[in-house]
Amino acid sequence: MQITDKDRELLAILSENARMPTATIARRLGLSRTTVQARIERLEREGIIAGYGVRLSESYEKGLVKAHVLITIAPRALSRVTPELSAIREIQTLLSVSGRFDLIAVVAATSISELDLLIDRIGEIDGVDRTLSSIILSTRIDR
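Residues numbered from 1 in each chain as written. Predicted model: local features only at pLDDT ≥ 70, side-chain atom pairs only at ≥ 80, totals over all residues. Heavy atoms only, no water.

A.B. asks: Help me out: how do you make sense of the nonpolar core in this one?
C.D. replies: Considering soluble globular proteins, one finds that nonpolar side chains tend to be buried as a cluster. The biggest cluster of nonpolar side chains holds 21 residues, and the ones touching the most others in it are Ile71, Leu85, Val107, Leu115 and Ile122. Secondary structure elements with two or more residues in this core: strand 1 (65-73), helix 5 (78-86), strand 3 (103-109) and helix 6 (112-123). Tallying contributions element by element places strand 1 first for this core, with 5 residues. Apart from the residues within four sequence positions on either side, Leu115 is in contact with Val65, Ala67, Val107, Ala109 and Ile135. Judged by nonpolar contacts, the second largest core, of 11 residues, contains Met20, Leu29, Val36 and Ile49. (Core = buried A, V, L, I, M, F, W, Y, C linked by side-chain atoms within 4.5 Å. Buried < 20%, exposed > 50% of the residue type's maximum accessible area, 1.4 Å probe, protein only. Helix = DSSP H or I, 4+ residues; strand = E, 2+ residues; numbered from the N terminus. Contact = heavy atoms within 4.5 Å.)

Written out as C-alpha cells, the structure is:
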C-alpha cells in the first residue's frame, strides 16, 4: 500500500466530514474531481478506508457522562470476558493495555446513576477481578 501526502490530506478531510462533496474536496486538495474519486475508490479497495460512520454532535456528546474504566481480569479469562464486554452497548472502545490493568473501556452513559450501574455491571462479569474508573471531564483534542 502506497500512501502519498495527498492521500493523507484526503483522509484528514474525510475524517472531518465524510459527506463532503467530491468537488469540494478536490478544490481543497488542488486536484480534479475524478482524481479525488479515483483515490477514494483505491483507498476503499485497499482497505485503508474501512467504512464510514456517524459523528455525533457536540451538544449530544455533552449530554453524556463518559469514563475510562480500567479493568483487571483473572488469568486466562480474556477470551471469556471480551465477548461479554462487547455485548454492553455503552462501551464505545475496549483497549488491551500493558501495566497494572489488562483492559481500558471507554464508556458513555446518560447519567451518573446509569454510569454507576454500568460500572457495577462490568465488575460483576465472571473473570473481572477489579475495576478503577475515571470520569472524563472534558475532551481537549479529538481527531
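A.B. asks: Explain the pattern of salt bridges here, please?
C.D. replies: Oppositely charged side chains may form a pair once their charged atoms are brought near each other. All told, the structure shown has 10 salt bridges when counted by the stated rule. The partner of Glu90 in a salt bridge is Arg121, with the nearest N and O atoms 3.9 Å apart. Of this pair, Glu90 sits in the loop between helix 5 and strand 2 (91-96) while Arg121 sits in helix 6, placing them 31 residues apart in sequence. (Salt bridge = Lys/Arg side-chain N within 4 Å of Asp/Glu carboxyl O.)

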